[in-house]
Every structure is written in structure tokens, then in C-alpha cells.
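Okay, here's what each chain looks like letter by letter:
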Amino acid sequence: MNVSRMGTISMQVDLDNGIAAVELRMLHPMLAGHVQQDSGTGATVHFIQLVQARHNGRQVMEAQWSTSVARDPRLVFYVAGVVPGDTISVEWHDNKGQSGHHAITVT
């Protein structure tokens with residue numbers, strides 16, 4: 001099992017017979033704009049729009065999200081054909097131009 005945490009993404013990869021189970025946790029407020037601020041105005045909408053994963057540079061997963069995803073989202077996906085030494089990378093982009101990226105070498 002590989003566990004790695006850097007910046008806004010923590011990633012864990014479990015490899016079993018060429019199938020990698022990838023678990024991500026992305027630190028992000030995921031504000032839907034439904035909660036009122038102290039001033040009485042609505043909260044700013046701020047959410048991850050796009051999550052992409054790559055295996056050795058080839059895209060293997062894409063998720064398009066909206067305001068319905070909870071704060072600090074967790075995502076699990078599986079990748080076939082993975083061997084030790086391969087790289088799995090993930091990046092996200094939100095509606096305010098912020099992004100996060102992380103990569104892990106599978107052992």
C-alpha cells in the first residue's frame with residue numbers, strides 16, 4: 001500500500017493482481033452558496049468542477065462535479081494494468097481558477 005499526502009490531495013493506492021484501488025481525499029470547502037454569511041448575504045459558490053486521473057500519463061478517469069459534492073470530498077476509483085513503478089497522478093480544477101495536483105509511484 002502506498003500512502004501520500006501533499007498540499008490539498010491525499011492519495012492511497014493498493015495494488016492487487018494488476019488492479020490499483022486509488023483513494024483520494026481533496027481538501028476543499030465545496031461551498032454551494034446556500035448558507036448565509038453573518039452579513040446576511042449568501043455564501044460564495046466555490047466548488048471543484050473537474051477531477052482527472054492519469055496512469056503513466058494516459059487519462060483513465062474524469063469526474064465533472066457541481067455544488068452537490070460535500071466539503072473535503074473523497075473519491076475511490078480503480079485502474080487496471082498497473083505494475084510497481086507506474087505513476088498515478090490526479091489533478092482538480094475549481095470554479096475560481098484554483099487547482100491541485102498530486103502524483104504517486106506505485107510500489
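Residues numbered from 1 in each chain as written. Predicted model: local features only at pLDDT ≥ 70, side-chain atom pairs only at ≥ 80, totals over all residues. Heavy atoms only, no water.

Below, the discussion takes up the side chain of H55. Along the chain, H55 falls in strand 4 (residues 48–55). Within the structure, the side chain of H55 is placed 2.7 Å from the side chain of D86, a separation counted as a polar contact. In contact with H55, other than residues within four places in its own chain, are V60, V79, A80, G81, V82, D86, T87 and I88. (Helix = DSSP H or I, 4+ residues; strand = E, 2+ residues; numbered from the N terminus. Polar contact = N/O pair within 3.5 Å; in protein donor to acceptor, adjacent residues only side chain to side chain. Contact = heavy atoms within 4.5 Å.)

Turning to the environment of I48, a few remarks are in order. Relative to the helices and strands, I48 is located in strand 4. For I48, a relative accessible area of 0% puts it in the buried group. Taking C-alpha positions, I48 is 6.9 Å from S66, a pair spaced 18 residues apart along the chain. Setting aside chain neighbours within four positions, we find I48 in contact with M26, H28, M30, W65, S66, P73, W92, H93 and D94. (Buried < 20%, exposed > 50% of the residue type's maximum accessible area, 1.4 Å probe, protein only.)

It is worth spelling out the nonpolar core at this point. Counting 24 residues, the largest nonpolar core has V22, L24, M26, V51 and F77 as its most contacted members. Mapped onto this core, the elements with two or more residues apiece are strand 2 (9–16), strand 3 (19–26), strand 4, strand 5 (58–64), strand 6 (74–80) and strand 7 (87–94). Apart from the residues lying within four places of it in its own chain, the contact partners of V22 are M11, Q12, V13, L75, V76, F77, V79 and I88. (Core = buried A, V, L, I, M, F, W, Y, C linked by side-chain atoms within 4.5 Å.)

All right, on to a nonpolar patch on the surface then. Among the surface-exposed residues, I19, V76 and Y78 lie close enough to one another that they form a single nonpolar patch of about 290 Å² accessible area. Positionally, Y78 belongs in strand 6. By relative accessible area, which is 59% here, Y78 ends up exposed. (Patch = residues over 30% accessible without salt bridge, like charges linked within 9 Å, V, L, I, M, F, W, Y side chains within 5 Å. Areas by Shrake-Rupley, 256 points an atom, 1.4 Å probe, with all protein chains shown as cover. Salt bridge = Lys/Arg side-chain N within 4 Å of Asp/Glu carboxyl O.)

By the bridge criterion, eight bridges tie strand 2 to strand 3 in an arrangement that is antiparallel. Within strand 3, the position partnered with M11 by the bridge is L24. (Pairing = 2+ DSSP bridges.)

Here we come to unusual backbone geometry. Glycine aside, negative phi is the norm for most residues, and most peptide bonds take the trans geometry. Positive phi values are uncommon outside glycine, yet M30 reaches one of about 50°. Residue M30 is classed as buried on the basis of its relative accessible area of 6%.

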